[in-house]
Amino acid sequence: MSQHLVAPSLLSADFTRLGDDIEMVNRSEADWFHIDVMDGVFVPNISFGMPVIKAIGKTAKKPLDVHLMIVKPERYFETFRDLGAAYLSIHYEAVTHLHRAVHQIRELGMKAGVVLNPHTPVQLLEGIIADVDLVLLMSVNPGFGGQKFIESTYEKIVKLKKLIGEKHSPALIEIDGGVDLKNAGKLLAAGADVLVAGNTVFSSPDPPATIRALKHTV
Ligand code: DX5
Ligand code: ZN
């Protein structure tokens, strides 16, 4: 069995009973909680902010994988550390001084992730890849759950895996957007280490079984 991780995205949870959905993930075979923070500027949508993440952190018993879709994310690194983020991922397209930002995240005691939009080539990570713990490849345009998977992602995974090997980087490859039970196997075969799934998990009639199926995909 492949050693990949599964990170359900709470963006697709039922917010009228968020505690129940968090408990479901706690009891499931999921590895992380994926938490999408949107500011209505970097992406055309606003998700949830600090009070909600604080509540999630109190109930969640697995690492928080926080995906920041916000401009000037460095304003909030310390806040997210205090809220319990284990992984903090920032968009390549949202920061000017990526090297400084990645090191600030690590110095605060979190794992540092860099996110690429679908149009951003992986080669742009050449100068930073050795210093990052996670690269999140967007396989939809960020901002919304339930969108259609972009097929060119497979090729990006292969290129990124090669770059990680060449630069002896510890980075995990995470895929976010449109992941389902049909494409999961092909994503893992291409080199993905972490599968994010929102709609696939939370719209399924049996979310724990869907998480198990994603986890046991080979
Ligand atoms: C989109 C978010 C995703 C989203 C994925 O901007 O980054 O994490 O929740 O949702 P699905 O799995 O439904 O495409
Ligand atoms: Zn995300």
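Structure first, text after, so check above.
Residues numbered from 1 in each chain as written. Chains lettered and ligands numbered in written order. Predicted model: local features only at pLDDT ≥ 70, side-chain atom pairs only at ≥ 80, totals over all residues. Heavy atoms only, no water.

Concerning the coordination of the zinc ion (ligand 2)
Every protein donor of the zinc ion (ligand 2) is accounted for by His34 (NE2), Asp36 (OD), His67 (ND1) and Asp176 (OD), and the metal-donor separations fall at 2.0 to 2.3 Å. Around the zinc ion (ligand 2) sit six donor atoms, and with donor-metal-donor angles ranging over 70 to 169° the site reads as octahedral. Binding-site remark: the zinc ion (ligand 2) is held by donors from one chain whose sequence spacing is H-x1-D-x30-H-x108-D. Here the residue histidine 67 occupies a position in strand β3 (residues 64-69), and aspartate 176 occupies one in strand β7 (residues 172-176), the gap between them amounting to 109 residues. For the pair formed by histidine 67 and aspartate 176, the shared burial category is buried. (Donors = N, O, S within 2.8 Å, 3.2 Å for Na, K, Ca; no water. Tetrahedral: all angles 85-135°; square planar, octahedral: opposite > 155°, others 65-115°. Helix = DSSP H or I, 4+ residues; strand = E, 2+ residues; numbered from the N terminus. Buried < 20%, exposed > 50% of the residue type's maximum accessible area, 1.4 Å probe, protein only.)

Here we look at the side chain of threonine 200
Along the chain, threonine 200 falls in helix α7 (residues 199-202). Residue class for threonine 200 comes out buried when judged on its relative accessible area of 18%. Of note is the side chain of threonine 200, whose polar atom sits 2.6 Å from the backbone oxygen of valine 179. Filtering out sequence-adjacent residues up to four positions away, threonine 200 remains in contact with Val179, Asp180, Leu181 and Thr210. (Polar contact = N/O pair within 3.5 Å; in protein donor to acceptor, adjacent residues only side chain to side chain. Contact = heavy atoms within 4.5 Å.)

Thoughts on the site of ligand 1
Within the structure, ligand 1 sits among 20 residues, and Ser9, Asp36, Gly143, Gly146 and Asp176 are positioned closest to it. For ligand 1, an oxygen atom lies 2.8 Å from a polar atom in the side chain of aspartate 36. Contact between ligand 1 and glycine 146: an oxygen atom at 2.8 Å from a main-chain N or O atom of the residue. Contact with the protein chains covers 99% of the free accessible surface of ligand 1, which is 380 Å². Those elements that place two or more of their residues in the shell around ligand 1 are β2 (33-38), β3 and β8 (194-197). (Near = heavy atom within 4 Å. Areas by Shrake-Rupley, 256 points an atom, 1.4 Å probe, with all protein chains shown as cover.)

Purely spatial values, then, with no claim about function.
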